[in-house]
Amino acid sequence: MRNLKSRKLENSLFLFFVYAFLFLSIGILSFFFLFLAKESLPLFENVSLPSFLFSSKWNPMAFTGTASFGIFHFLMGSISVSFLALLFSTILSLGCSIFFAFYFWEKGRRILYPLLDLLSGIPSVVYGFIGLTVGKPLFLKMGVSTGSCVLLAAVLLSILIFPFMVDSITDSMVKLKAKYFLEARALGLSPAYIILRLILPSSLRSIFLAFLLGSGRALGETMAVMMVVGNANLFPKLLSKGETIASLIALEMGSAEYHSLHYHALYASGLVLLLLVALIHLLVKMGERPRTSKFTSRAVSPDPIPSESPSMYSSENREEVEPPSIATGKRATAPLSLSAILLFLYSFLSFLLIFSALLFFFLYIFYKGYKVISPSFLLEAPKGMVLGEEGGIFPAITGSLAFSLTALVLSGLPSLFTAIFMVFYAKEGRVKESLHFFIHLLSGVPSIVLGLFSYSLFVYQFKLGRSVLSGAIALAIMIFPFMEIRMEKIFEEVPKSYLQSSESLGCSKGYTIRRLVLPYTLPELLSTMLLAFCFALGATPPILFTGGVAFAKSPTSLLSPAMALPLHLYLLLVQGGSSLSRAYGTALVMLFLLLIGNEIASHLTAYSHRKWQK
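Conventions we followed
Residues numbered from 1 in each chain as written. Predicted model: local features only at pLDDT ≥ 70, side-chain atom pairs only at ≥ 80, totals over all residues. Heavy atoms only, no water. 1 Å grid on protein atoms, 1.4 Å probe; cavity = no way out; pocket = protein on both sides within 12 Å on 5 of 7 lines; lining within 4 Å. Points joined across faces, edges and corners; volume = space filled by probe spheres on them. Helix = DSSP H or I, 4+ residues; strand = E, 2+ residues; numbered from the N terminus. Nonpolar A, V, L, I, M, F, W, Y, C, P; charged D, E, K, R; others polar. Polar contact = N/O pair within 3.5 Å; in protein donor to acceptor, adjacent residues only side chain to side chain. Contact = heavy atoms within 4.5 Å. Axes fitted to C-alpha atoms, helices over the stretch in contact; angles between N-to-C directions. Parallel < 35°, antiparallel > 145°, perpendicular 65-115°, else oblique. Left-handed = near helix turned anticlockwise from the far one by under 90°. Patch = residues over 30% accessible without salt bridge, like charges linked within 9 Å, V, L, I, M, F, W, Y side chains within 5 Å. Areas by Shrake-Rupley, 256 points an atom, 1.4 Å probe, with all protein chains shown as cover. Salt bridge = Lys/Arg side-chain N within 4 Å of Asp/Glu carboxyl O. Buried < 20%, exposed > 50% of the residue type's maximum accessible area, 1.4 Å probe, protein only. pLDDT = per-residue confidence, 0-100. Phe/Tyr/Trp six-rings, centres within 6.5 Å; stacked < 30°, edge-to-face > 60°.

Observations regarding empty space enclosed by the protein
The full count for this structure, using the stated rule, is 2 cavities of 30 Å³ or more. Taken as a whole, the largest cavity encloses approximately 40 Å³ of empty space. Every residue along the wall of the largest cavity is listed here: S78, V81, S82, L157, A218, L219, E221, V225, T244 and A246. The set of elements that each furnish at least two residues to the lining of the largest cavity consists of α3 (72-103) and α7 (191-220). Within the lining of the largest cavity, the residues separate by chemical class into 6 nonpolar, 3 polar and 1 charged. In this structure, the second largest cavity spans a volume of roughly 30 Å³. Of all elements in the fold, only α1 (2-40) and α15 (430-443) reach the threshold of two or more residues within the lining of the second largest cavity.

Dropping the structure here:
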């Protein structure tokens, strides 16, 4: 009887925590969006919406005359850089995905996939660092007057979003290959024909969704773009300077007087960026709805090849469609067509370019930075008249760990219990769809907007000042959707037979989750938290004006300011000169920490999969 009562109490407490953290998460998300809107609206009492959106005059500190707030050039800069980056990234990602899915052996794909994850985990400030030290001199040699331009920013941004797009498109193509490829080959169709006429048309929806989600990531990028785009209020041209909304907020946040028109204009700019991301997520939501097509409608049909496609069997394709002798097991040995050769070259060169960029990133930073690495560099504080000219980066390492660990503590349980609710308790319907939409929308919110929110609310209104806590709160909001979305996926992959068996034995849902689901998914959950920790470790915009400072001792409390590795790297780059060599060393330390984190996370995930298979 006691066991029954204690079990009921445990179930009640567990359910209480699920709903408590769920409502806490919803409350924080709602408050964030409402606060952003509230701080934006005062601007429109003095500036009309058309003038704000379509005027190119931005002069917030006019000493004579009236201040002007027009973001047209910044808006066009954000759209131009993002569109060009997505164009480059989609072309190369599509080719790389074809190579991975159809030409590369499966074991090799499993080896290289973690490298793509590592590429996606490289902090954007490191990309900006490469852009400044490699890309800018290259563009200067090409005749660009300052080296900084829209094209360089777009190329850098395209490399940054490669991993996400390759992962999304490859996953779709591998599934389609498993459905269609063997049957199509049995009919004598060549691999190139299958890819071009069957797989690619069926993958268009996935490519479109990857493009949309990549655009949300590109629009919000701050540091990498800000460091190479030139930051000039000009209409964006390919080989001239420009500026994005995210760069504008990052550069002027610290100089805007609290509750001034300038302050409200920055909030309104962030709101415009957020509305663009929301529009993209609405399009993604619409694109995810089931639709009927001659390919997708056959996904549940026993015949994997669309029967209403007569061109597959027409005489003009006879050389590619010659049926093999199934009885003897012989394959058609038609010579490779030009389309097959071009397809292979396109996919191979795309793959080669992407992984050459990855290899170059690591080798370049290692070559430039390994000479600086020493015990004193890792264990001493910066010294000298110029920041970083002497001494080391120990306070920056401890500061980064403090920011990231505090953010993980603040966001870990809300993410976990929200994911449990969404998978095991939420009923299908509009409420669940709305929650999914807002969580995914939060994942696309530019990190600089999160920094602006924390700067206003915690640094000013709550009087916390620049502190580890203020910066960690912004980071916690940033990594919340990162963890929640991945935890949902982990829980959804739990075999349904296990849950059904537990239910048939009379176990309650709460008991099953606590005693079966959580123990067996623990390694993957820890892996997700570790990746979120690495994500927070490399983020610069959320701590730029909330907790990060140029120089401080190792933090001794949550209310003290702290140095951070990505911010320290950015400041060393801005100084240049004798500090540049130590910037390479700082970048190398950051990459090494991320490499360790990603490696541990991948081993935890692999261990979890082996555990489930047993």
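Next comes the rest of the account.
So, the side chain of S25
On the secondary structure map, S25 appears in helix α1. Polar contacts involving the side chain of S25 include one to the side chain of T418, which spans 3.1 Å. Sequence-distant contacts of S25, that is, excluding residues within four places in its chain, are made with P414, T418 and F480.

Section: the layout of surface pockets
Reported here for the second largest pocket is a volume of approximately 380 Å³. Forming the boundary of the second largest pocket are 19 residues, of which V155, L156, I159, A357 and F361 lie nearest the centre. Split by residue class, the lining of the second largest pocket holds 15 nonpolar, 4 polar and no charged.

Here's the deal with the packing of α15 against helix α17 (residues 468-492)
Two elements in contact, α15 and α17, have axes whose closest approach is 8 Å; the angle formed by their N-to-C orientations is 130°. With respect to their mutual orientation, α15 and α17 come out oblique. In the packing of α15 onto α17, the handedness of the crossing is left-handed. Contact residues: H436, I439, H440, L442 and S443 in α15; I477, F480, P481, E484, I485 and E488 in α17. Across the contact of α15 with α17, the residue classes break down as 6 nonpolar, 3 polar and 2 charged.

Some thoughts on a nonpolar patch on the surface
Nonpolar side chains collect at one region of the surface, where L338, I341, L342, F344, L345, L349 and L352 lie side by side and expose about 650 Å² of accessible area between them. You can see I341 is positioned in helix α12 (residues 338-369).

With respect to helix α20 (residues 565-575)
With 8 of 11 residues buried, α20 is to be regarded as a mostly interior element. Those residues of α20 that sit buried are L565, P566, L567, H568, L569, Y570, L572 and L573. Backbone geometry just after α20 places G576 at a positive phi near 65°.

Some points on the pattern of salt bridges
Here the idea is simple: oppositely charged side chains can pair when their charged atoms come close. Inspection of the entire model under this criterion finds 4 salt bridges. Across the pair D171 and K175 runs a salt bridge whose closest N-O atoms are separated by 3.4 Å. Separated by 4 residues within a single helix, D171 and K175 lie in helix α6 (residues 150-186), roughly one turn from each other. By relative accessible area, which is 41% here, D171 ends up partly exposed. Among the residues examined, K175 registers a relative accessible area of 51% and is labelled exposed.

Some remarks on helix α9 (residues 245-252)
Burial analysis of α9 places 7 of its 8 residues in the buried class, which makes it a mostly covered element. Buried within α9 are the following residues: I245, A246, S247, L248, I249, A250 and E252.

Overview of the confidence of the model for the protein
On average, residues of the protein score 83 in pLDDT, and 88% of them reach the 70 mark or higher. Averaged pLDDT values for the elements of the protein fall to 38 in helix α11 (residues 318-321) and rise to 94 in helix α14 (residues 394-425). In the model, residues 292-334 has pLDDT below 50 throughout and makes 59 contacts with residues more than four positions away in sequence or in other chains.

Remarks on the environment of A20
Structurally, the position occupied by A20 is in helix α1. Of the residues examined, A20 reaches a relative accessible area of 31% and is grouped as partly exposed. A C-alpha to C-alpha distance of 8.8 Å links A20 and P414, two positions 394 residues apart in sequence.

Some details on the packing of aromatic side chains
For the coordinates displayed, the defined rule picks out 47 aromatic pairs. Residues F102 and F181 carry aromatic rings whose centres are separated by 5.8 Å and whose planes lie at 45° to one another, so their mutual orientation is tilted. Here F102, found in helix α3, pairs with F181, found in helix α6; they are 79 residues apart in sequence, far enough to count as distant. Judged by relative accessible area, which is 14%, F102 ranks as buried.

Looking at the side chain of S411
In this fold, S411 is placed in helix α14. According to the relative accessible area criterion, S411 is buried, its value standing at 3%. Excluding anything up to four places from it in sequence, S411 contacts A476, I479, F480 and M483.

Section: the packing of helix α5 (residues 124-141) against α12
The geometry of α5 relative to α12 is characterised by a closest axis approach of 12 Å and an angle of 75° between their N-to-C directions. Relative to α12, the element α5 is oriented roughly perpendicular. Contact residues: α5 offers V126, Y127, I130, T133 and V134, while α12 offers F360, F361, Y364 and I365. Residue classes in the contact of α5 with α12 are distributed as 8 nonpolar, 1 polar and no charged.

As for unusual backbone geometry
Phi at H259 takes a positive value of approximately 65°, unusual for a residue other than glycine. Inspection of the secondary structure assignment puts H259 in the loop between α9 and α10 (261-288). Under the relative-accessibility criterion, H259 is labelled partly exposed at 40%. At K463, a residue that is not glycine, the phi angle is positive and equals roughly 60°. On the secondary structure map, K463 appears in the loop between α16 (447-461) and α17. Take K463: its relative accessible area is 70%, and that puts it in the exposed class.

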